[in-house]
Amino acid sequence: MKIDKLHISYLNETLVDISFEINKSLALVGQSGSGKSLSLKALLGMLPDSMTLDLDIQAPFELENGKTIAFVPQNPFTALSPLTKVKKQFFASDEKMQELFEQVGLDFELCERFPPELSGGQLQRVIIAMALSSEPKLLLLDEPTTALDPKNRDMIIKLLKDLQDKMGFKMLFVTHDMKSASDLCQDICVIKDGKMVEQGSLDKVLSQPKEEYTQVLISSNFSNREFRI
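### What about the overall build of the protein?
Next up, step 1: Secondary structure summary: the protein contains 8 helices and 9 strands in total.
Next up, step 2: Over its C-alpha trace the protein gives a radius of gyration of 18 Å, about what one expects of a compact globule, namely 17 Å for 229 residues.
Next up, step 3: Each principal axis of the C-alpha distribution contributes one length, and for the protein these read about 50 × 35 × 30 Å.
Next up, step 4: Buried residues in the protein amount to 46% of all 229 residues.

### Some details on the layout of surface pockets
Next up, step 1: There is about 360 Å³ of room inside the largest pocket.
Next up, step 2: Lining the largest pocket are 18 residues, with Ala70, Phe71, Ile127, Met130 and Ala131 positioned closest to its centre.
Next up, step 3: Counting residues per element, the ones that place at least two in the lining of the largest pocket are β5 (69-72) and α4 (120-132).

### Some words on the nonpolar core
Next up, step 1: If you look at the biggest cluster of nonpolar residues, it comprises 44 residues, and the most contacted ones within it are Phe101, Ile128 and Leu139.
Next up, step 2: No other element matches α4, which puts 8 residues into this core.
Next up, step 3: Excluding residues that lie within four positions of it along the chain, Ile128 makes contacts with Val72, Val104, Ile156, Leu159, Leu160 and Leu163.
Next up, step 4: Membership of the second largest hydrophobic core comes to 23 residues, among which are Ile8, Leu28, Leu44 and Cys189.

### Section: helix α8 (residues 212-219)
Next up, step 1: The complete set of buried residues in α8 reads Tyr213, Thr214 and Leu217. Buried positions in α8, seen along its axis, are confined to an arc of 100 degrees and lie on one side of it. In α8, those exposed residues whose orientation departs by more than 90 degrees from the buried face are Glu212 and Ser219.
Next up, step 2: Along its buried surface, α8 packs onto β3 (25-29), α6 (178-184), β8 (187-192), β9 (195-201) and α7 (202-207).

### Quick notes on the environment of Met1
Next up, step 1: Following the sequence through the fold, Met1 ends up in the segment before β1 (2-10).
Next up, step 2: A residue is classified by how much of its surface remains accessible, and Met1, at 10% relative accessible area, is buried.
Next up, step 3: The spatial distance from the C-alpha of Met1 to the C-alpha of Leu138 is 9.5 Å, given a sequence separation of 137 residues.
Next up, step 4: When neighbours within four sequence positions are excluded, Met1 is seen to be in contact with Glu21, Ile22, Ile57, Gln58, Ala59, Phe61, Leu63, Leu138 and Lys170.

Rules used throughout
Residues numbered from 1 in each chain as written. Predicted model: local features only at pLDDT ≥ 70, side-chain atom pairs only at ≥ 80, totals over all residues. Heavy atoms only, no water. Helix = DSSP H or I, 4+ residues; strand = E, 2+ residues; numbered from the N terminus. Rg over C-alpha atoms; globule rule 2.2 N^0.38 Å. Buried < 20%, exposed > 50% of the residue type's maximum accessible area, 1.4 Å probe, protein only. 1 Å grid on protein atoms, 1.4 Å probe; cavity = no way out; pocket = protein on both sides within 12 Å on 5 of 7 lines; lining within 4 Å. Points joined across faces, edges and corners; volume = space filled by probe spheres on them. Core = buried A, V, L, I, M, F, W, Y, C linked by side-chain atoms within 4.5 Å. Contact = heavy atoms within 4.5 Å. Arc of directions from axis to C-beta.

Right, dumping it as structure tokens:
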């Protein structure tokens, strides 16, 4: 699918003006404030009314949030109500829920627990199972490994790749973490101040970055990030 135009403006000021193609898995990479999260919200139909969106898409399916598009948020610890059992927040039949839990490697009995009783890795797998319940064509990921420790980060990355191979959905992975991007995606689009500065196959961009901005992202040190287990 091709995003021929994604233009977001506010009071006649352009905030984002990019285009890109999602062949299988694309990393949309940039520092905080680069416009990547706004782009994600635009595709989800979640921009505030004060902003204007001009979107031109070529895709073999209609973009419908909750149907053909699914979303995995950044922080699994805040994605669900802590006072409601997982089962009550999962809008699917018990049979479908059990099937999805098996696909993401979770014991079905966990659906009877409250979210705070689950680990970060378990919670993120629950969120992924929920996202896949509609059998989406496009999965949007908003830095889904940022709140996880390295072990769970690697597990979630592997899980997403395995699920994509089985289910055939496309992925748009929004992140500032080049390590996670390189582990998950085939292609990359680097944005700065709402503009695309570099794009191509991820291996080529990582090995031969043309822009200084991309070089800074690649060399950034993420070892000081806080993780929750």
